Amino acid sequence: GAGVSQSPSNKVTEKGKDVELRCDPISGHTALYWYRQSLGQGLEFLIYFQGNSAPDKSGLPSDRFSAERTGGSVSTLTIQRTQQEDSAVYLCASSLDPTSRTQYFGPGTRLLVL
Amino acid sequence: GDSVTQMEGPVTLSEEAFLTINCTYTATGYPSLFWYVQYPGEGLQLLLKATKADDKGSNKGFEATYRKETTSFHLEKGSVQVSDSAVYFCALSPTGTASKLTFGTGTRLQVTL
């Protein structure tokens, strides 16, 4: 079956602009995660969704970052007023349910803020 | 808090050499442990996992054993191939209900002919 998909695959934006990144999890997966992969910080957790609610937002680096999930499926990560330090690869992962420890990752969105 | 430490890379090996990438962790209770692999230009793929002490995860010739006494989950392969060249990440998921993965910094493996 289809894996986790993310769009766009690449995004170049100017400092100060808002961006939206999209994640389509594997069908039937109720848990969804966002991570960020950057040269200086490695792989960092951002936020976790169970269904449409986010019980763990502890990794969001600032209030410029927000995320939502609708219909228990698609999720959007929004970064407002982008900064150069936001440049990174944003990864989405999903798992079958909260008890499943195996997360399946999408290909990522590479964000470059000029 | 939870943390994962893995050996610095890059690791450069000749084809058919033996591979070990060390990984140790700090966590309370009994976390689940994972190795993920990232091939050039691709996303993260689960390579293997172990969910309790003394479990051995294996896949594609790679193995790792969950050692509670040494808090380790070292990755091994008896004979590497050029196609194994990638970045390898050790990760843990804590005890309890679903939660974030905590990753190590990654180890780049380069296999040459």
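Check the entry above for the structure.
This structure is a prediction, so every number in the text was calculated from the model and none was measured.

Trainee: Sorry if this is basic, but what is going on with the interface of chain A and chain B here?
Mentor: By a frequent convention, interface size equals the accessible area lost on bringing the separate parts together. Facing 16 residues of chain A, the contacting portion of chain B comprises 19 residues. Of the roughly 1,500 Å² buried at the junction of chain A and chain B (both faces included), carbon and sulfur atoms supply 55%. Taken as a group, L43(A), R101(A) and F105(A) account for 44% of the area that chain A buries against chain B, more than any other trio of residues on that side. There are zero salt bridges connecting chain A and chain B. Joining chain A to chain B, the criterion identifies four residue pairs in polar contact (both at pLDDT 80 or more). At the level of elements, β4 (31-38) and β5 (42-50) of chain A are the ones that each hand at least two residues to the side of chain A that touches chain B. A class-by-class count of the residues in the side of chain A that touches chain B yields nine nonpolar, five polar and two charged.

Trainee: Before we go on, may I ask you to explain the state of the cysteines in this structure?
Mentor: Two cysteines joined by a covalent bond between their sulfur atoms form a disulfide. All names here are of chain B. If you walk through the whole model with that rule in mind, you get two disulfides over all chains. Bridging C23 to C90, the disulfide has an S-S length of 1.9 Å. Note on the C23 and C90 pair: the S-S dihedral is about -70 degrees, so by sign convention the disulfide is left-handed. Here C90 lies in strand β10 (residues 86-93) and C23 lies in strand β4 (residues 23-26), a separation of 67 residues in the sequence. Judged on exposure class, the residue C23 and its partner C90 are both buried.

Rules and cut-offs
- Residues numbered from 1 in each chain as written.
- Chains lettered and ligands numbered in written order.
- Predicted model: local features only at pLDDT ≥ 70, side-chain atom pairs only at ≥ 80, totals over all residues.
- Heavy atoms only, no water.
- Contact = heavy atoms within 4.5 Å.
- Buried area = accessible area lost by both parts, 1.4 Å probe.
- Salt bridge = Lys/Arg side-chain N within 4 Å of Asp/Glu carboxyl O.
- Polar contact = N/O pair within 3.5 Å; in protein donor to acceptor, adjacent residues only side chain to side chain.
- Helix = DSSP H or I, 4+ residues; strand = E, 2+ residues; numbered from the N terminus.
- Nonpolar A, V, L, I, M, F, W, Y, C, P; charged D, E, K, R; others polar.
- Disulfide = S-S within 2.5 Å.
- Buried < 20%, exposed > 50% of the residue type's maximum accessible area, 1.4 Å probe, protein only.

None of the figures reported here should be taken as evidence of function without further support.
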